[in-house]
Amino acid sequence: MRINLFICFLFFSILSFGKEDREIIKQIDHINSSALQFYNDDEIVKSFKEFISAKELSDSIQDHYGSATANYNLGNIYFLMENYESAIQYYNSTINVLKPIDDSYLISSSYLNLAKIYREQNIDTKSIQYFEKALKSSVVSKYINELEKEQIQKVFVEARINLCEIYIEKKNFDEALLNLLKLEDYLKTNEISSNLKGYYKYIYGVYSAHNELYNSANIKFREAIVLLKEGDQEIDLELLSNVYMQLSISLAKAGKSTEAYITLLEHNSFKDKLLNEEKSRQDLIIKSKFLIEDYKNEAQIANAARIQQVEIANKFKRINTVIFITLFLLIGSIIIIYRSYSQKMKLSKTLKVKNSELELAKDEALKSSELKSKFISNVSHELRTPLYGVVGITSLLLENNSLNTKDKKHLKSLKYSGDYLLNLINDILQVGKMEANKVELKNVSVNLKDMLADIVNSFDYRLEETNNQIEISIDNYVPEYIKCDKVRLSQILINLIGNSVKFTANGIINLRVKLVSLDNKNVGLNFEIEDNGIGISKDKFEMIFDNFCQLEDSNLNYQGTGLGLSITKNLIELFESEIKLESELGVGTKINFEINFELDQNKTKVISDFDSKAEKIENPEANYNILVAEDNKINQVVTKNLLKKHGYLCTIVENGKEALKEVKNNKYDLILMDINMPVMNGNEATALIRQFNNSIPIVALTAADIEDVEQNCKGIGYSDIIIKPFDNYEFFQVINENIQNAQNNNGDVQLVLAS
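Some details on the overall build of the chain
Along the backbone of the chain there are 22 helices and twelve strands. Taken across its 755 residues, the chain has 41% of its residues classed as buried. In the chain, the share of contacts with a sequence separation of at least 24, taken over all contacts with a separation of at least 6, comes to 67%. Carbon and sulfur atoms make up 52% of the accessible area of the chain, which amounts to about 43400 Å² in all.

Some remarks on the packing of helix 5 (residues 104-120) against helix 6 (residues 124-137)
Contact geometry for helix 5 and helix 6: axes closest at 8 Å, N-to-C directions at 165°. Here helix 6 runs roughly antiparallel to helix 5, going by the angle between their axes. Along this stretch, helix 5 crosses helix 6, giving a crossing that reads as left-handed. Contacts between helix 5 and helix 6 involve Ser 104, Ile 107, Ser 108, Tyr 111, Leu 112, Leu 114, Ala 115, Lys 116, Tyr 118 and Arg 119 on the former and, on the latter, Lys 126, Ser 127, Tyr 130, Phe 131, Lys 133, Ala 134 and Ser 137. Along the lines of polarity and charge, the residues of the contact of helix 5 with helix 6 split into nine nonpolar, four polar and four charged.

A closer look at the sheet that holds strand 9 (residues 649-653)
Across the sheet, five strands lie side by side as 9-8-10-11-12; this open sheet has parallel pairing. The open sheet is flanked by strand 9 and strand 12 (720-723), the only strands paired with a single partner. Going across the sheet, the axis of each strand differs from the next one's by a mean of 20°, ignoring polarity. Bridging between strand 10 (residues 670-674) and strand 11 (residues 698-702) involves four bridges; their strand directions are parallel. Within the sheet, the bridge partner assigned to Met 673 lies in strand 11 and is Ala 700.

Brief notes about the pattern of salt bridges
Applying the stated criterion across every chain, the model contains 15 salt bridges. Between Asp 485 and Arg 488 there is a salt bridge, and its shortest N-O distance comes to 3.9 Å. Owing to a relative accessible area of 1%, Asp 485 belongs among the buried residues under this scheme. Between Lys 514 and Glu 528 there is a salt bridge, with its nearest N and O atoms 3.4 Å apart. Placement of the pair is Lys 514 in strand 4 (residues 508-518) and Glu 528 in strand 5 (residues 522-531), with a sequence separation of 14 residues. Among the charged side chains, a network of salt bridges with common partners joins Arg 512, Lys 514, Glu 528 and Glu 530.

Some thoughts on a nonpolar patch on the surface
There is a patch of nonpolar side chains on the surface, built from Ile 312, Phe 316, Ile 319, Ile 323 and Leu 327 and spanning about 480 Å² of accessible area. When you line up the elements, Phe 316 lands in helix 12 (residues 257-398). Exposure remark for Phe 316: the relative accessible area of 54% places this residue in the exposed category.

Re the pairing of strand 11
The buried count for strand 11 comes to five of five residues, which makes it a mostly enclosed element. Neither face of strand 11 is exposed, since Ile 698, Ala 700 and Thr 702 on one face and Val 699 and Leu 701 on the opposite face are all buried. With respect to chirality, the unit in which strand 10 leads through helix 20 (residues 682-689) into the neighbouring parallel strand 11 is right-handed. Summarising the sheet, strand 11 and strand 12 pair through four bridges and their orientation is parallel. The residue bridging Ala 700 from the neighbouring strand is Ile 721, located in strand 12.

Digging into the packing of aromatic side chains
Under the defined criterion, the tally for this structure stands at 14 aromatic pairs. Summarising the aromatic geometry, the rings of Tyr 72 and Tyr 91 are spaced 5.9 Å apart at their centres and angled 50° between planes, so their arrangement reads as tilted. Placement of the pair is Tyr 72 in helix 3 (residues 64-80) and Tyr 91 in helix 4 (residues 84-98), with a sequence separation of 19 residues. There is no split in this pair, since Tyr 72 and Tyr 91 are both buried. Here Phe 79 and Tyr 84 contribute two aromatic rings whose centre-to-centre distance is 5.9 Å and whose plane-to-plane angle is 65°, an arrangement assigned as edge-to-face. On the basis of relative accessible area, Phe 79 is assigned to the buried category, the value being 17%.

Focus on the pairing of strand 4
Pairing geometry for strand 2 (residues 469-474) and strand 4, over six bridges, is parallel. Residue pairing across strands places Glu 471 opposite Asn 510, the latter belonging to strand 4. For strand 4 and strand 5, the ladder comprises nine bridges, and the chain directions are antiparallel. Residue Asn 510 lies in a different strand from strand 5, and its bridge partner there is Glu 530.

Description of the nonpolar core
In this structure, Val 157, Tyr 202, Ile 203 and Val 243 are the most contacted members of the largest nonpolar core, which totals 78 residues. In terms of residues, this core owes the most to one element, helix 7 (residues 146-169), which gives ten residues. Apart from the residues lying within four places of it in its own chain, the contact partners of Ile 203 are Ile 161, Cys 164, Glu 165, Ile 168 and Leu 180. By size, the runner-up hydrophobic cluster in this structure holds 45 residues, among which are Val 446, Ile 455, Ile 482 and Phe 575.

Details of unusual backbone geometry
For Asn 467, which is not glycine, the phi torsion reads 60° and is therefore positive. Tracing the backbone shows Asn 467 in the loop between helix 15 (460-466) and strand 2.

Observations concerning the confidence of the model for the chain
The pLDDT averaged across the chain works out to 77; a share of 76% of its residues lies at or above 70. Element-level mean pLDDT values for the chain span from 63 in helix 1 (residues 2-40) up to 93 in strand 5. Predicted confidence for residues 614-618 stays below pLDDT 50, and this span has five contacts to residues more than four positions away or in other chains.

Considering the environment of Ser 137
Mapped onto the elements, Ser 137 comes out in helix 6. Overall, Ser 137 belongs to the buried group, its relative accessible area being 13%. For Ser 137, the residues in contact, after removing those within four places along its chain, are Ser 104, Ile 107, Ser 108 and Tyr 111. Of the polar contacts made by the side chain of Ser 137, one reaches the backbone oxygen of Lys 133; its length is 2.9 Å.

Examining the environment of Asp 475
Mapped onto the fold, Asp 475 is located in the loop between strand 2 and strand 3 (481-484). Each C-alpha atom of the pair Asp 475 and Leu 515 lies 6.0 Å from the other, and the pair is 40 residues apart in sequence. Setting aside residues up to four positions removed in sequence, Asp 475 forms contacts with Val 513, Lys 514 and Leu 515. A distance of 2.9 Å separates a polar atom in the side chain of Asp 475 from the backbone nitrogen of Leu 515.

Here is what the cut-offs are and how they apply
Residues numbered from 1 in each chain as written. Predicted model: local features only at pLDDT ≥ 70, side-chain atom pairs only at ≥ 80, totals over all residues. Heavy atoms only, no water. Helix = DSSP H or I, 4+ residues; strand = E, 2+ residues; numbered from the N terminus. Buried < 20%, exposed > 50% of the residue type's maximum accessible area, 1.4 Å probe, protein only. Contact = heavy atoms within 4.5 Å. Areas by Shrake-Rupley, 256 points an atom, 1.4 Å probe, with all protein chains shown as cover. Axes fitted to C-alpha atoms, helices over the stretch in contact; angles between N-to-C directions. Parallel < 35°, antiparallel > 145°, perpendicular 65-115°, else oblique. Left-handed = near helix turned anticlockwise from the far one by under 90°. Nonpolar A, V, L, I, M, F, W, Y, C, P; charged D, E, K, R; others polar. Pairing = 2+ DSSP bridges. Salt bridge = Lys/Arg side-chain N within 4 Å of Asp/Glu carboxyl O. Patch = residues over 30% accessible without salt bridge, like charges linked within 9 Å, V, L, I, M, F, W, Y side chains within 5 Å. Right-handed = clockwise from strand over helix to strand, strands pointing away. Phe/Tyr/Trp six-rings, centres within 6.5 Å; stacked < 30°, edge-to-face > 60°. Core = buried A, V, L, I, M, F, W, Y, C linked by side-chain atoms within 4.5 Å. pLDDT = per-residue confidence, 0-100. Polar contact = N/O pair within 3.5 Å; in protein donor to acceptor, adjacent residues only side chain to side chain.

Now the structure itself:
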């Protein structure tokens, strides 16, 4: 029952609204008709007011046709008053409103009047464009009545005639004739007013006169006069006056002076009537302009008052709305708070249980993390310690001249495998340091010639395997001694040369050192490594410097970690330089970089001849006495032989307690202190030594990850840390750096080992 009542209510509501709209549309049509009558009776102001009223009503119910009619006629009023800007605005509004309706007459008439306005303003291009639009939109439909048909035909003919007139004025006689012929065909099949026919004959006469066809022009002008005076129609004085003028000119040019004079008198007669009519028209326009402006001012004042009243009403509405919303929100908030409180009490109980569970889980996670860290530290220690022994003992055995060729080859293979594993561990650690920005460059005196010889000699085994050769060339005047980080520079060159050896077979690798700049304090050197290996395609130039990137993943001949070039690029950037790559597939690869170094002022000798196989003595200038605290027998042998080989005196003890006793009883220039030892570990021994000796450098030796011990090393008393198995370059660079620092700072030897 309720549903039926609701449907009935909706039905009657729709009917009532539909009936109300129809009544308003009738009212709009009546207002438009009344306004049009006022316009025809030259009561312009009344007409303007009525059309404004019709437009407002039409817009209120979205009556497009009523609104378009009002807009069109308002455009006519402004056109009459020569207010072209407003007229254009209203005509365009008419066209836009009528697009959904497609009313041919109003649209084509709007285009026609827009074209006339632009013609008045001498904008011929736009005028022609809108006359053409008027022609295209003058479509006569079978559904329209005779009056509408006659109106559309009038627009079509008037637009075509105006086009002819423009083309004649522009002396485009071909287009003018084409439009005249089209119009002639149209007039044969359609009935139009005598005025328009007379207008057509007049334009045809003008065309003939311009083409010096004066007899034809005279005929056309006389036909136009007859048509313009025909019947009960209102005579177009302006057009008739123009016809007599053109006829008089044409007769004169045809040699008929008497007829031309009589015709000119007729022209003057109609011209006087036209001037009187124009004067009345101008008076009407001026009066209408004044009254319309006065009306618009009154309307603006009334509208401003209405807007003010609406704003006041809206303000009160907003206040009421705010009060209502506030009350609603207040009630809603009270309900939400109550529900939240109830839920909070439930959640509080649940959270207490969850917190207890989380505490247990946290404790388990911490235990797991500690076990993981301890496991990694132990694994690192267990890997480094035996690897230190393998690499060291192998190096010592290779120095034995009594070995046969087969044994020496096996030992070289073993050393290569140990070095490979050492480089793998170091590369992985190096990447971590790079990412954490924990790599700092040292600055010690380096013999460039000896460093390059060491690098070349380290590739003996790989060169023999790949049947490659390394050729080194150094520019003249390159200093023999420079100050730099020998470890990092050597690592760069070893990685680049190693890459060339890896991707080259039966070839030559060139290592070139070129002098770029030289003054009293600094030298600029360009290092270039070039090979004739497989080369690199240009699309891989960027990716090969990424971590873990390999040139050929599927080819086992080129296996590796994919870290070498990434580390090399980062190290070169650490030297404030950049790596430059040139390569071509099947031709080879060239890599170079440029670095500025500080000169060693105490050693200014330049490099002369270079021989990578020459014997060299690497003894220090003084026999420094070094105490080594190490419990591992193999490590003792390796460290002792390595130090003796380079001219250092060495004493070995097996634990921290013995080291403490030695320092008290003897003088040492530095201590290499293993951290993990029985009886007394390195940390305890170092802390006790620092109680009575702060000058001697103590370097922590450990196979554990540096991160595990670095934080506490300074607090304990270590000068520095070095990770086992260490690189020989790094080992002796640290020695030299600390010797120089100790001599420069305190006059005593103070060794600082770099991590």
